[in-house]
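The primary structure of each chain is shown beneath.
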Amino acid sequence: MTTIPQQRRTLTTTTGAAYSRIWGVGGYRPERVVTNEEICEHIDSSDQWIRERSGIITRRFAAADETVVDMAAAAANEALRSAGLTASQISTVIVATVTHPYQTPGAAPIVAERIGANAAVAFDISAACAGYCHGIALANDMVRGGSAEFVLVIGVEKLSDFTDKTDRGSAFIFGDGAGASIVGPADVPGIGPTVWGSDGSKWKTISQRNSWIEVRDGDIDWPAITMEGPEVFRWAVTAMAPIAQAALDQAGIKAEDLDAFIPHQANMRIIDALVKKLKLPDHVAVARDIAETGNTSAASIPLATQRMLDSGEAPHGGLALQIGFGAGLVYAAQVVVLP
Amino acid sequence: MATLTEQTILEGLAEIVNEETGLDTASVQFDKSFTDDLDIDSLSMMTIVVNAEEKFGVRIPDDEVKNLKTVRDAVSFIAGAQV
Ligand SMILES: CC(C)(COP(=O)(O)OP(=O)(O)OC[C@H]1O[C@@H](n2cnc3c(N)ncnc32)[C@H](O)[C@@H]1OP(=O)(O)O)[C@@H](O)C(=O)NCCC(=O)NCCS
């Protein structure tokens with residue numbers, strides 16, 4: 001029998017910063033603007049229907065040769081500028097995406113190398129439209145736990161590659177883009193507790209149509225992402241308001257203290273329903289970037305944040321409630337101090 | 001909870017419709033069609049349904065929603081679903 005020596009040394013561990021905050025945010029929107037008319041070349045629909053049911057007027061599509069890595073790097077460089085940091089100060093790169101078209105390797109190491117954050121810890125997370133808020137939660141815990149000083153969190157999607165242009169239920173919703181934030185140490189709390197979780201029983205309501213194995217073994221088309229719209233809508237408007245409210249409660253913040261509400265830009269009607277359920281006062285600015293950007297999944301919250309800060313809709317240093325939710329089904333919400 | 005009369009359910013439903021669409025509660029009458037008369041689209045209908053579930057403590061499954069064409073359909077379903 002093996003025994004443990006009595007006076008064995010104890011492990012040395014790290015301790016991190018007292019608190020963390022978002023130091024800067026950046027976004028990248030592809031050049032090409034796609035109108036509802038163009039979407040309707042492939043589905044039986046209309047500009048009016050799309051506007052009424054989703055609030056989307058235009059979205060951006062990346063160029064054919066523009067990759068998830070290209071867009072992620074562009075947003076990351078913007079975030080670095082906004083934070084006043086250099087790439088060499090970044091110790092971790094987290095990329096939240098579901099549309100990097102390589103099963104292996106992840107996008108994050110390539111992005112890290114591309115921007116000059118050489119040797120940074122770099123990994124991808126798959127949490128769909130909640131990916132960015134998951135990334136912020138991880139970054140906050142890493143900075144406070146001492147495993148990283150500055151963490152670059154990127155949400156990026158090229159959904160146009162994974163959308164069935166002829167699917168009436170989803171073709172009009174999705175767009176491409178990237179958004180990034182940098183989380184670093186702070187003397188006062190800048191990121192509240194994350195309220196997060198999942199409901200795997202509903203995994204089929206938003207999913208790639210077939211697994212890669214089925215594609216390989218069957219006579220199957222490109223496995224685009226499909227969605228059971230009404231069921232997802234119902235889940236979002238019923239289950240997400242209590243999650244957002246819990247994020248406020250756990251942060252000790254009341255709705256009237258907020259400067260901005262930045263939910264995942266899934267559908268304008270979901271945003272409107274959440275605003276009503278949360279009884280947000282009129283002075284709280286609500287992110288409505290979806291009108292011109294569509295639903296960019298993991299990129300939507302940082303892109304909307306960047307727009308609100310650049311336009312002056314939300315103040316630097318203001319308090320924002322952000323909530324991501326989507327395929328999985330998964331969700332994450334937290335209150336943050338805007339950079 | 002004591003079972004509610006159809007009239008009470010109608011009044012509660014009218015408040016929910018008013019909150020979602022801004023329509024006058026008086027316009028929510030038994031024989032009105034949600035889509036044709038009240039101009040309520042499928043997403044507003046879904047929101048009305050989830051608010052009705054909360055208010056009346058009943059469960060209205062997705063499959064049932066499309067059968068609720070008139071205000072009477074909805075009131076009868078809610079009345080029948082009460083325990
Ligand atoms: C996708 C979504 C807008 C569809 O709207 P919906 O009202 O639920 O659509 P339904 O499938 O119930 O169809 C309602 C009607 O619109 C029609 N319709 C569906 N898609 C259409 C389209 N693209 N154009 C025109 N009409 C359409 C249907 O045929 C149906 O008509 P009918 O009532 O005459 O039969 C909505 O369900 C949604 O936004 N869901 C959440 C999606 C989301 O946020 N996903 C991302 C989460 S991360």
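Data block above holds the structure.
Note that the coordinates shown come from a computational prediction; the quantities given were computed from them, not determined experimentally.

A. Local environment of the overall build of chain A. Regarding its fold elements, chain A presents ten helices and 14 strands. Since a compact globule built from 339 residues should have a radius of gyration of about 20 Å, the 20 Å found for chain A is in line with a globular shape. Projected onto its principal axes, the C-alpha coordinates of chain A cover approximately 75 × 55 × 40 Å. Looking at chain A residue by residue over its 339 residues, the buried ones come to 54%. In chain A, the share of contacts with a sequence separation of at least 24, taken over all contacts with a separation of at least 6, comes to 77%. When the accessible surface of chain A is summed, it comes to about 14900 Å², and 51% of that surface belongs to carbon and sulfur atoms.

B. Structural context of the layout of surface pockets. In this model, the second largest pocket occupies a volume close to 360 Å³. Contributing to the lining of the second largest pocket are 16 residues, with Lys277(A), Lys279(A), Glu19(B), Asn51(B) and Glu54(B) lying nearest its centre. Considering only residue class, the lining of the second largest pocket consists of six nonpolar, three polar and seven charged.

C. Layout of the site of the ligand. By nearness alone, 24 residues border the ligand, and Ser45(A), Arg168(A), Gly229(A), Asn267(A) and Ser42(B) come closest of all. Chains contributing residues near the ligand are chains A and B. One nitrogen or oxygen atom from the side chain of Ser45(A) is found 2.5 Å from a nitrogen atom belonging to the ligand. A distance of 3.3 Å separates an oxygen atom of the ligand from a polar atom in the backbone of Pro230(A). Partitioned by chemical class, the residues of the shell around the ligand number 13 nonpolar, eight polar and three charged.

D. Layout of the packing of helix α1 (residues 6–21) of chain B against helix α4 (residues 71–81) of chain B. All names here are of chain B. The geometry of α1 relative to α4 is characterised by a closest axis approach of 10 Å and an angle of 120° between their N-to-C directions. Here α1 lies oblique to α4, going by the angle between them. Judged by the twist between their axes, the crossing of α1 over α4 is right-handed. Contacts between α1 and α4 pair Glu-6, Ile-9, Leu-10 and Leu-13 from the former with Val-71, Ala-74, Val-75, Ser-76, Ile-78 and Ala-79 from the latter. For the contact of α1 with α4, the residue count by class is eight nonpolar, one polar and one charged.

E. Expanded view of the pairing of strand β7 (residues 176–186) of chain A. All names here are of chain A. Among the eleven residues of β7, ten are classified as buried, and the element is accordingly described as predominantly covered. Two strands pair when backbone bridges link them, and strand β1 (residues 19–28) and β7 are joined in this way by nine bridges, in the antiparallel orientation. Paired with Val-25 across the strands is Ser-181, a residue of β7. Judged from the eight bridges that link them, strand β6 (residues 151–158) and β7 form a sheet pairing that is antiparallel. Residue Val-156 lies in a different strand from β7, and its bridge partner there is Ala-178.

F. Molecular detail of the sheet that holds strand β4 (residues 92–96) of chain A. Residue and element names in this part refer to chain A. Overall, mixed pairing links the five strands, which are arranged β1-β7-β6-β4-β5 in an open sheet. In the strand order of this sheet, the two ends are held by β1 and β5 (121–125), each with one partner. The sheet shows a mean angle of 20° between the axes of neighbouring strands, taken without regard to direction. Relative to β5, β4 runs parallel, the two being bridged by five bridges. From the neighbouring strand, Ile-94 faces β5, where its bridge partner is Phe-123. Across the sheet, helix α3 (residues 68–83) is in contact with β1, β6 and β7; its angle to β1 comes to roughly 125°.

G. Region of the structure containing the packing of aromatic side chains. Residue and element names in this part refer to chain A. Tallied over the entire structure, the rule returns six aromatic pairs over all chains. On the numbers, 5.7 Å between centres and 55° between planes, the contact of Trp-212 with Trp-222 is tilted. A residue pair is termed long-range when its members are at least 10 positions apart, and Trp-212 in helix α6 (residues 212–217) and Trp-222 in the loop between α6 and β10 (225–227) qualify at ten residues. Look at Trp-222 and you get partly exposed, because its relative accessible area is 44%. One residue, Arg-21, lies across the ring of Trp-23, its end atom 4.1 Å from the ring centre.

H. Region of interest: the interface of chain A and chain B. Listed by partner, the interface residues are eleven residues for chain A and 18 residues for chain B. Counting each side, the surface lost to burial between chain A and chain B is near 1100 Å², with a carbon and sulfur contribution of 48%. Run the count over chain A and chain B and you get six salt bridges. The salt bridge partner of Lys276(A) is Glu20(B), with a shortest N-O separation of 3.8 Å. The interface formed by chain A and chain B includes eleven residue pairs in polar contact (both at pLDDT 80 or more). Secondary-structure elements contributing two or more residues to the side of chain A that touches chain B are α7 (229–251) and α8 (268–277) of chain A.

Procedures and definitions
- Residues numbered from 1 in each chain as written.
- Chains lettered and ligands numbered in written order.
- Predicted model: local features only at pLDDT ≥ 70, side-chain atom pairs only at ≥ 80, totals over all residues.
- Heavy atoms only, no water.
- Helix = DSSP H or I, 4+ residues; strand = E, 2+ residues; numbered from the N terminus.
- Rg over C-alpha atoms; globule rule 2.2 N^0.38 Å.
- Buried < 20%, exposed > 50% of the residue type's maximum accessible area, 1.4 Å probe, protein only.
- Contact = heavy atoms within 4.5 Å.
- Areas by Shrake-Rupley, 256 points an atom, 1.4 Å probe, with all protein chains shown as cover.
- 1 Å grid on protein atoms, 1.4 Å probe; cavity = no way out; pocket = protein on both sides within 12 Å on 5 of 7 lines; lining within 4 Å.
- Points joined across faces, edges and corners; volume = space filled by probe spheres on them.
- Nonpolar A, V, L, I, M, F, W, Y, C, P; charged D, E, K, R; others polar.
- Near = heavy atom within 4 Å.
- Polar contact = N/O pair within 3.5 Å; in protein donor to acceptor, adjacent residues only side chain to side chain.
- Axes fitted to C-alpha atoms, helices over the stretch in contact; angles between N-to-C directions.
- Parallel < 35°, antiparallel > 145°, perpendicular 65-115°, else oblique.
- Left-handed = near helix turned anticlockwise from the far one by under 90°.
- Pairing = 2+ DSSP bridges.
- Phe/Tyr/Trp six-rings, centres within 6.5 Å; stacked < 30°, edge-to-face > 60°.
- Lys NZ or Arg CZ within 6 Å of the ring centre and 35° of its normal.
- Buried area = accessible area lost by both parts, 1.4 Å probe.
- Salt bridge = Lys/Arg side-chain N within 4 Å of Asp/Glu carboxyl O.

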